[in-house]
Amino acid sequence: MLSQKRFRIGVLGSGKGSNFVAIADAITRGEVPAEVALVISDVESAGILQHARDRKLPAEFVAPGKFRTKLDEETERVYIQKLRDAEIDLIVLAGFMRILKGDFLRAFAERVVNIHPSLLPSFPGLEAWKQALDYGVKITGCTVHFVDQGVDSGPIIAQEIVPVLDGDTAETLHARIQQAERKIYPAVMRGMAEGRILIKGRQTIWKRGEEAV
Ligand code: GRF
């Protein structure tokens, strides 16, 4: 039997790593034909690194350099090299709190995805669940999208609706949005690993699964 190379995912995260865990566990259950080939964090104590190590997956802290919200040029080069060395097919941002621009996105054109806790294009940026609550919308949710040069502005791959309930606080709403995230991110990983998600301008198209012949 021909052995096929698995689809290799690289995950960047700065926080607790619940989306990473959802993806890694979906892979382990056989629901996503991929492997996590590398996890990188800009925060040495980030939970995502521990979750990766617990699963015996390669995990590295790479110091972010001198800026607060982005990687400096030298650090960006290090990130690019590590991801190239690991032969990554797709870069998955899972709570990575730095903006990636220019060289990084050119190095991995159309191969970087992010999850955002609102129904984009509403409420881009920080604490999107709080923005939604403060605005008074009745529905919000989460969005998986390709990453482009803007902030949370790339082509949308999938969205899941989460209702805003009477009495919701920022915490309760955020927790429900995160539950939805943990459903759609692995589902998108599966589509990406199966090569079924195509970009056409602003649109993404999900090809149907191939019939067995
Ligand atoms: C997620 O809620 C996602 O919306 C945002 O960052 C958060 C990361 O959480 N982009 P976790 O580290 O995956 O638990």
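Residues numbered from 1 in each chain as written. Predicted model: local features only at pLDDT ≥ 70, side-chain atom pairs only at ≥ 80, totals over all residues. Heavy atoms only, no water.

A. The arrangement of the overall build of the protein in detail. Looking only at helices and strands, the protein features six helices and nine strands. Relative to a compact globule of 213 residues, whose C-alpha radius of gyration would be 17 Å, the protein shows 17 Å and is just as compact. Counting only C-alpha atoms, the protein reaches 55 × 55 × 35 Å along its principal axes. Out of the 213 residues belonging to the protein, those deemed buried represent 48%. Summing over all exposed atoms, the protein offers an accessible surface of approximately 11,400 Å²; the carbon and sulfur share of this is 53%. Across the protein, 29 positive and 28 negative side-chain charges occur, with their mean positions spaced 2 Å apart. (Helix = DSSP H or I, 4+ residues; strand = E, 2+ residues; numbered from the N terminus. Rg over C-alpha atoms; globule rule 2.2 N^0.38 Å. Buried < 20%, exposed > 50% of the residue type's maximum accessible area, 1.4 Å probe, protein only. Areas by Shrake-Rupley, 256 points an atom, 1.4 Å probe, with all protein chains shown as cover. Lys, Arg positive; Asp, Glu negative; His and termini not counted. Charge placed at Lys NZ, Arg CZ, Asp CG, Glu CD.)

B. Seen up close, the site of the ligand. As a structural note, the neighbourhood of the ligand is formed by Gly15, Lys16, Gly17, Ser18, Asn19, Gly95, Ile115, Pro117, His174, Gln178 and Glu181. In the model, a nitrogen atom of the ligand is placed 2.9 Å from a nitrogen or oxygen of the isoleucine 115 main chain. Glutamate 181 places a polar side-chain atom, nitrogen or oxygen, 2.4 Å from an oxygen atom of the ligand. Isolated, the ligand exposes 370 Å² of accessible area, and the fraction of that covered by the protein chains is 87%. (Near = heavy atom within 4 Å. Polar contact = N/O pair within 3.5 Å; in protein donor to acceptor, adjacent residues only side chain to side chain.)

C. Highlighting helix 1 (residues 18-28). Among the 11 residues that make up helix 1, nine are buried, leaving the element largely enclosed by the rest of the structure. Taken as a whole, helix 1 has its buried residues at Ser18, Asn19, Phe20, Val21, Ala22, Ile23, Ala24, Ala26 and Ile27. One or two positions beyond helix 1, positive phi appears at glycine 30, with a value near 85°.

D. Main features of unusual backbone geometry. The linkage connecting leucine 120 with the following residue, proline 121, adopts the cis geometry, with an omega of 15°. Structurally, proline 121 can be placed in the loop between strand 5 (112-116) and helix 5 (128-135). Although it is not a glycine, glutamate 110 adopts a positive phi angle of roughly 60°. With respect to the helices, strands and loops of the structure, glutamate 110 is situated in the loop between helix 4 (102-107) and strand 5. On the accessibility criterion, glutamate 110 (56% relative accessible area) is exposed.

Function cannot be inferred from these measures alone, as they are strictly geometric.
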